[in-house]
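# Inside the fold
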Amino acid sequence: MKKLLLFVIVLGAAAALAGWFLSAPTRLDENTVANLGPGDPVNGELVFWASGCSSCHAAPEAKGDDKLKLGGGLRLETPFGVFVAPNVSQDPNDGIGNWSVADLANAMTHGTSPDGQNYYPAFPYASYARMDLADINDLFSFMKTLPAVGGDAGPNELAFPFNIRRGVGLWKRMFLDPAPVVAAPVGGEDVDPAIWERGRYLVEGPGHCGECHTPRDFVGGLILSDWLGGAPAATGEGRVPNITPVSGGFGSWSASDIAYYLESGFTPDYDSVGGEMVPVQENMARLQASDREAIGVYLKAIPAVSGAAQ
Amino acid sequence: MRTISKCISIVSIAIAASLGAAQADDDPIGDRQAIMSSVGAAAGLGGGLMKGEIAYSPAAGKAAIAAMRAASLTFGDYFPDGSNASDTEAAPAIWDNRAGFDAEIAKFAAATGTAMEAAGRAGPADLDAFKAAMGPVFGTCKSCHEGFRVKN
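Report follows, based on the coordinates. (Residues numbered from 1 in each chain as written. Chains lettered and ligands numbered in written order. Predicted model: local features only at pLDDT ≥ 70, side-chain atom pairs only at ≥ 80, totals over all residues. Heavy atoms only, no water.)

### Notes on the layout of surface pockets
Counted as a void, the second largest pocket has a volume near 900 Å³. Taken together, the elements giving at least two residues each to the lining of the second largest pocket come down to α4 (53-57), β2 (81-84), α5 (101-110) and α7 (133-143) of chain A. (1 Å grid on protein atoms, 1.4 Å probe; cavity = no way out; pocket = protein on both sides within 12 Å on 5 of 7 lines; lining within 4 Å. Points joined across faces, edges and corners; volume = space filled by probe spheres on them. Helix = DSSP H or I, 4+ residues; strand = E, 2+ residues; numbered from the N terminus.)

### Quick notes on the pattern of salt bridges
As enumerated under the stated definition, the model contains 13 salt bridges over all chains in all. When the shortest N-O distance is used, the salt bridge between Lys67(A) and Glu282(A) registers 3.5 Å. Taken as a pair, Lys67(A) in the loop between α4 and β1 (75-78) and Glu282(A) in helix α12 (residues 277-284) lie far apart in primary sequence, 215 residues in all. Taking the shortest distance from any N to any O, the salt bridge between Glu211(A) and Arg216(A) comes out at 3.0 Å. Residue Glu211(A) is classed as buried on the basis of its relative accessible area, which comes to 12%. Here Arg216(A) falls in the partly exposed class, since its relative accessible area comes to 37%. One connected set of salt bridges, linked through shared partners, spans Lys63(A), Lys67(A), Glu282(A), Lys142(B) and Glu146(B). (Salt bridge = Lys/Arg side-chain N within 4 Å of Asp/Glu carboxyl O. Buried < 20%, exposed > 50% of the residue type's maximum accessible area, 1.4 Å probe, protein only.)

### Observations regarding the packing of aromatic side chains
Under the criterion given, the structure shown has 19 aromatic pairs over all chains. Between Phe48(A) and Phe142(A), the ring centres sit 5.3 Å apart and the planes meet at 55°, which makes this aromatic pair tilted. Remark: Phe142(A) occurs in helix α7 and Phe48(A) occurs in helix α3 (residues 41-51); sequence separation between them is 94 residues. On the basis of relative accessibility, which here comes to 0%, the residue Phe48(A) falls in the buried class. Grouped by ring-pair contacts, the aromatic residues Phe75(B), Phe79(B), Trp95(B), Phe101(B) and Phe148(B) constitute a single cluster. (Phe/Tyr/Trp six-rings, centres within 6.5 Å; stacked < 30°, edge-to-face > 60°.)

### Some points on the interface of chain A and chain B
Listed as interface residues are 18 residues of chain A and, on the opposing side, 17 residues of chain B. Here chain A and chain B share an interface that buries about 1400 Å² over both sides, 57% of which is from carbon and sulfur atoms. Taken as a group, Glu237(A), Phe266(A) and Tyr270(A) account for 35% of the area that chain A buries against chain B, more than any other trio of residues on that side. For the pair chain A and chain B, the interface holds 3 salt bridges. Note that Glu146(B) is salt-bridged to Lys63(A), the shortest N-O span being 3.8 Å. The interface formed by chain A and chain B includes 8 residue pairs in polar contact (both at pLDDT 80 or more). Counting only elements with at least two residues in the side of chain A that touches chain B, the list comes to α11 (255-264) and α12 of chain A. For the side of chain A that touches chain B, the element with the most residues is α12(A), which contributes 4 residues. Along the lines of polarity and charge, the residues of the side of chain A that touches chain B split into 6 nonpolar, 6 polar and 6 charged. (Contact = heavy atoms within 4.5 Å. Buried area = accessible area lost by both parts, 1.4 Å probe. Polar contact = N/O pair within 3.5 Å; in protein donor to acceptor, adjacent residues only side chain to side chain. Nonpolar A, V, L, I, M, F, W, Y, C, P; charged D, E, K, R; others polar.)

### Notes on the side chain of Asp138(A)
Residues and elements named next belong to chain A. On the secondary structure map, aspartate 138 appears in helix α7. Nearest to the buried, unbridged aspartate 138 among oppositely charged side chains is arginine 198, at 9.8 Å. Excluding residues within four positions of it along the chain, aspartate 138 makes contact with Gly39, Asp40, Pro41, Asn43 and Gly44. (Lys, Arg positive; Asp, Glu negative; His and termini not counted.)

### A few points about the nonpolar core
Judged by nonpolar contacts, the single largest core of 62 residues is most densely connected at Phe48(A), Leu104(A), Met143(A), Leu228(A), Tyr298(A) and Leu299(A). Of the residues that make up this core, three or more belong to each of domain 1 (26-175) and domain 2 (193-300) of chain A. Membership of the second largest hydrophobic core comes to 36 residues, among which are Val39(B), Ile54(B), Phe75(B) and Ala90(B). (Core = buried A, V, L, I, M, F, W, Y, C linked by side-chain atoms within 4.5 Å. Domains from an automatic or database assignment.)

As structure tokens, then:
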């Protein structure tokens with residue numbers, strides 16, 4: 001009896017220890033970041049809009065230049081509690097004015113803070129993990145040109161056990177994977193692979209389209225078999241539409257219809273963009289036309305998700 | 001041909017929409033959706049003109065603007081309490097934040113009013129004049145859809 005108990009205790013301790021190691025925050029290799037050189041703020045601005053940082057870190061409903069004031073404060077209501085987007089302006093105390101490019105790259109690709117804590121995936125680093133370090137380097141140099149905004153946005157409001165950051169490490173083990181979601185173009189033989197891959201990069205990486213358009217499982221991980229197949233809106237009202245090439249649905253949009261929607265906000269039947277897609281569309285409108293076309297080409301050549309996800 | 005049939009359908013929808021306001025209202029959801037669908041059709045005509053897919057004529061430009069005008073004056077009347085129950089994409093925010101919704105209606109009406117004035121009797125003389133008149137109307141769609149319309 002005693003032996004059994006001991007066995008259980010040892011096993012429990014081993015599991016806890018394993019859990020502790022498995023949940024340890026990870027980081028980029030230091031040499032990789034050291035060799036980046038100075039970034040290009042002009043490309044960095046395009047990366048900034050493609051990644052939608054301002055949708056969460058600028059004041060809610062900010063327009064024009066106010067989108068560049070990254071004082072934080074947006075409240076993201078989720079089943080796990082409320083996440084508050086922090087101040088990521090250049091303020092050295094309240095924001096990230098003292099950060100190095102390595103700090104930003106670790107946050108965006110590993111979800112790890114400068115002092116070694118795990119970030120919650122409400123910060124969409126599971127998508128940003130697919131970004132090129134050169135783009136993050138350029139983004140960093142652009143963010144350096146943005147204003148410092150004082151003030152702390154306040155803490156997250158999460159219930160136990162979601163308030164334990166360490167536990168996020170296990171989530172990262174399960175869901176943080178920089179590999180592409182769709183390995184190769186599906187269906188169309190006449191797809192230009194270079195354009196399709198550019199579209200894939202923008203959608204799966206900086207654009208983090210999957211974070212809203214893909215359904216999640218009970219621990220908040222994306223269900224990749226239903227990639228971009230539509231999901232209940234996180235805001236609790238309505239649905240985020242299926243944007244895979246399903247017949248009788250989004251499949252009727254051509255690649256240039258998709259590009260035109262991202263540019264103008266109008267669907268092929270001249271309905272207007274709405275809801276949480278408005279800031280995304282306005283950001284996409286700032287990219288080069290070839291990038292919007294590439295997104296259209298990618299969305300036309302991915303697996304069609306029908307049925308349950310809708 | 002495409003231009004003409006599209007214009008005629010738009011004008012008739014616009015008339016239907018403005019008549020609707022005077023009638024008894026037993027299907028506010030259906031009525032407002034019909035009005036918005038005339039807005040979508042007018043936007044389609046306007047967008048087609050702007051993109052050069054449909055040859056520009058002042059009459060076509062005027063038809064698009066007039067349909068928008070009629071819709072902007074009537075649409076707000078079709079959101080009585082309780083009309084958020086079934087088969088609608090109207091967001092609950094319309095009833096939770098009526099003042100905010102009314103402000104969007106007012107913006108829509110102001111933009112169409114200015115466009116009507118710019119259009120004059122004959123319609124905007126050329127495509128540039130049309131773009132200048134219609135542009136601000138197009139700008140009001142997403143600001144209302146952002147907060148007050150959901151996709152199901």
